[in-house]
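# Structure at a glance
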Amino acid sequence: MSEVSIIPYFPFRRIKIAKQEVNNIASKAVINAVPDKRFHPICYLCGQKVSSFHSWTKRSIRDLNLAGTQVWLHCEYRKLFCSNCQRISIIDKQYLEAQYGQPNYDGLRILAVDEISLRKDYNYLAEAN
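Below: a short report on this structure.

Calculation notes
Residues numbered from 1 in each chain as written. Predicted model: local features only at pLDDT ≥ 70, side-chain atom pairs only at ≥ 80, totals over all residues. Heavy atoms only, no water. Helix = DSSP H or I, 4+ residues; strand = E, 2+ residues; numbered from the N terminus. Buried < 20%, exposed > 50% of the residue type's maximum accessible area, 1.4 Å probe, protein only. Core = buried A, V, L, I, M, F, W, Y, C linked by side-chain atoms within 4.5 Å. Contact = heavy atoms within 4.5 Å. Pairing = 2+ DSSP bridges.

## Side note on the environment of Lys58
If you trace the backbone, Lys58 turns up in strand β3 (residues 52-66). Given the relative accessible area of 60%, Lys58 is considered exposed. With 20 residues separating them in the primary sequence, Lys58 and Arg78 have C-alpha atoms 8.7 Å apart.

In structure tokens:
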């Protein structure tokens, strides 16, 4: 008997579903998405192909439930350096600015930090009681 695959439901170019896991006991599904290395990344500003990466980032995103099962997307993506624009392509920042505009800092008196990373991969400094 063949295993059910989620891949046909993600027909996105330049993204590949690397792995999928379903834990029936925990009612949790995890989908790992990575950039498809067959395609060269494209700068969102000028549309030119980019050959240089600034950095790689991983993010876990909670999606809507599917038939009572929690769905998590583990995404791996890259920040690009465009030699044509001489800028780092930061799509998250572009999206947030388009949706919400520039933040208003008028009247701001206190800036708080909610977590401090000691090193990469989720090692956070906890508040001592």
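We are not done yet, so read on.
## Observations concerning the nonpolar core
Within the largest apolar cluster, 6 residues are counted, these being Ile17, Ile31, Ala33, Val71, Leu73 and Cys75. Looking at this core, the elements with two or more residues in it are β2 (28-35) and β4 (69-82). Per-element accounting of this core gives the leading share, 3 residues, to β4. Among residues more than four places away in sequence, those in contact with Val71 are Ala29, Ile31, Ile61, Arg62, Asp63, Leu64 and Leu66.

## Things to note about the pairing of β4
As paired strands, β2 and β4 are joined by 6 bridges and run parallel to one another. From the neighbouring strand, Val30 faces β4, where its bridge partner is Trp72. In the sheet, β3 pairs with β4 via 12 bridges, with the strands oriented antiparallel. When the bridges of β4 are listed, Arg62 appears paired with Trp72. Adjacent in sequence and paired antiparallel, β3 and β4 are bridged by 2 residues, among which Ala67 carries a positive phi angle near 55 degrees. Sheet analysis places β4 next to strand β5 (residues 87-89), joined by 3 bridges and oriented antiparallel. Bridging from a neighbouring strand, Cys82 pairs with Arg87 of β5. The antiparallel hairpin formed by β4 and β5 contains 4 residues in its connecting segment, where Gln86 sits at a positive phi of about 60 degrees.

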